[in-house]
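# Commentary on secondary and tertiary structure
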Amino acid sequence: MKALERPRVPLLLQLAIAIVAGAVVGHLAGARAGVLGELALVFVKLLKLLATPLVFVAIVDTFATTQLPARRALVLLPLSALNALVAAGIAIGLAHALPLARFVDLGKLRALVLQAAPPAPPALAVVTGALEHLLVANVLWVIAAALVSGLLLRATAASGAARRATWLVHALFGLLMRVLGLVVRAVPFAAFGVMAKVVGSSGLAIFPALGLFVGLVTLGIALHVFGWYALVLRVVA
């Protein structure tokens, strides 16, 4: 599968421009910018709709094509579980050590976020409702089905039917990744719509709290990467 083509303008720069432009449009348009947020919500639902089959075929393809000795797999599984526990521990620890309520009036913030928005246009509401019905409520069932399917393909890898199914899954995975690459190019437009709606309905008062939240998440990621991963590399190496 070919690597996804990089955009001429870096995605991070596109997002930064979209966020600033959305904030300006939301400030000027006010509540009328809500329709832009509804359009962005349609995009998010389309992305979630694509994510379900992508998760399924990615797991099945990994089981069917990855050559990993059982000994290494037995080491990888507990290491992955430990990594997840460390990440959860960092998140819970930071939430208790640096609670947002200490720096932000959560009641005021909740009132800003829950302000009533103008109703979406009827056609847009119909599209959003239709997409909502197509979404899978519990992705865990999709993951479980993918694990079972991948194990079955792995166990019957020598049969002709399993080889054909593996080829089909791999081809479908490549197709979905290409579609995802096209969809990702529209992410800045979704960010623009969301920012315009938020600023149009809540104003700029939400940004200090949002900045604190982003900073807290960044601190957690930094601790995980430069603390935990550095420790693991030192022990393993």
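Residues numbered from 1 in each chain as written. Predicted model: local features only at pLDDT ≥ 70, side-chain atom pairs only at ≥ 80, totals over all residues. Heavy atoms only, no water.

## Description of the overall build of the protein
Scanning the protein for helices and strands turns up nine helices and zero strands. Along its sequence from the N terminus, the protein presents helices and strands in the succession α-α-α-α-α-α-α-α-α. Within the protein, contacts between residues separated by at least 24 positions form 92% of all contacts whose residues are at least 6 apart in sequence. Counting every atom, the protein has about 15,900 Å² of accessible surface; 75% of that belongs to carbon and sulfur. (Helix = DSSP H or I, 4+ residues; strand = E, 2+ residues; numbered from the N terminus. Contact = heavy atoms within 4.5 Å. Areas by Shrake-Rupley, 256 points an atom, 1.4 Å probe, with all protein chains shown as cover.)

## Observations concerning the confidence of the model for the protein
Averaged over all residues, the pLDDT of the protein equals 81, while 84% of them reach at least 70. Of all secondary-structure elements in the protein, the lowest mean pLDDT belongs to helix H4 (residues 106–113), at 62, while helix H7 (residues 160–184) reaches the highest, 89. (pLDDT = per-residue confidence, 0-100.)

## Considering helix H8 (residues 187–202)
An α-helix turns once every 3.6 residues. As a result, residues three or four positions apart point the same way. With 16 residues, H8 extends 22 Å from end C-alpha to end C-alpha; this agrees with the ideal 22 Å at 1.5 Å per step. The complete set of buried residues in H8 reads Pro 188, Ala 190, Ala 191, Gly 193, Met 195, Ala 196, Val 199, Gly 200 and Ser 202. (Expected span 1.5 Å × (residues − 1). Buried < 20%, exposed > 50% of the residue type's maximum accessible area, 1.4 Å probe, protein only.)

## As for the side chain of Lys 45
Looking at the secondary structure, you find Lys 45 in helix H2 (residues 34–65). For Lys 45, a relative accessible area of 9% gives the class buried. If sequence neighbours within four positions are ignored, Lys 45 has contacts with Thr 128, Leu 131, Glu 132 and Leu 135.

## With respect to the environment of Leu 47
By the secondary structure assignment, Leu 47 is in helix H2. Along the primary structure Leu 47 and Val 184 are separated by 137 residues, whereas in three dimensions their C-alpha atoms are 8.8 Å apart. The contact partners of Leu 47, leaving out residues within four places of it in the chain, are Leu 180 and Val 183.

## Focus on the packing of H2 against H7
The contact between H2 and H7 brings their axes to 9 Å, and the two run at 145°. Crossing handedness for the pair H2 and H7: left-handed. Taking contact as the criterion, the partners of Phe 43, Leu 47, Leu 50, Pro 53, Leu 54, Val 57, Ala 58, Val 60, Asp 61, Ala 64 and Thr 65 in H2 are, on H7, Thr 166, Val 169, His 170, Leu 172, Phe 173, Leu 176, Met 177, Val 179, Leu 180 and Val 183. Residues that form the contact of H2 with H7 fall into these classes: 17 nonpolar, three polar and one charged. (Axes fitted to C-alpha atoms, helices over the stretch in contact; angles between N-to-C directions. Left-handed = near helix turned anticlockwise from the far one by under 90°. Nonpolar A, V, L, I, M, F, W, Y, C, P; charged D, E, K, R; others polar.)

## Looking at the environment of Ala 165
With respect to the element layout, Ala 165 can be found in helix H7. Residues Ala 165 and Leu 153 lie 12 residues apart in sequence; the distance between their C-alpha atoms is 7.8 Å.

## Observations regarding H7
Here H7 contains 25 residues, and its C-alpha end-to-end distance of 36 Å stays within 8% of the 36 Å for a straight helix at 1.5 Å per residue. Among all positions of H7, only Ala 162, Thr 166, Val 169, Phe 173, Gly 174, Leu 176, Met 177, Leu 180 and Gly 181 are buried. Here the buried face of H7 lies against H2 and helix H6 (139–155).

## Let's talk about the packing of helix H1 (residues 11–29) against H8
Contact pair H1 / H8: the axes reach a minimum separation of 7 Å and the direction vectors enclose 30°. The orientation of H1 relative to H8 falls into the category roughly parallel. The way H1 lies across H8 gives a crossing that is right-handed. Packed against H1, whose contacting residues are Leu 11, Gln 14, Leu 15, Ala 18, Ile 19, Ala 21, Gly 22, Ala 23, Val 25, Gly 26 and His 27, the element H8 presents Val 187, Pro 188, Ala 191, Phe 192, Met 195, Ala 196, Val 199 and Gly 200 at the interface. Taken together, the residues that form the contact of H1 with H8 break down as 14 nonpolar, five polar and no charged. (Parallel < 35°, antiparallel > 145°, perpendicular 65-115°, else oblique.)

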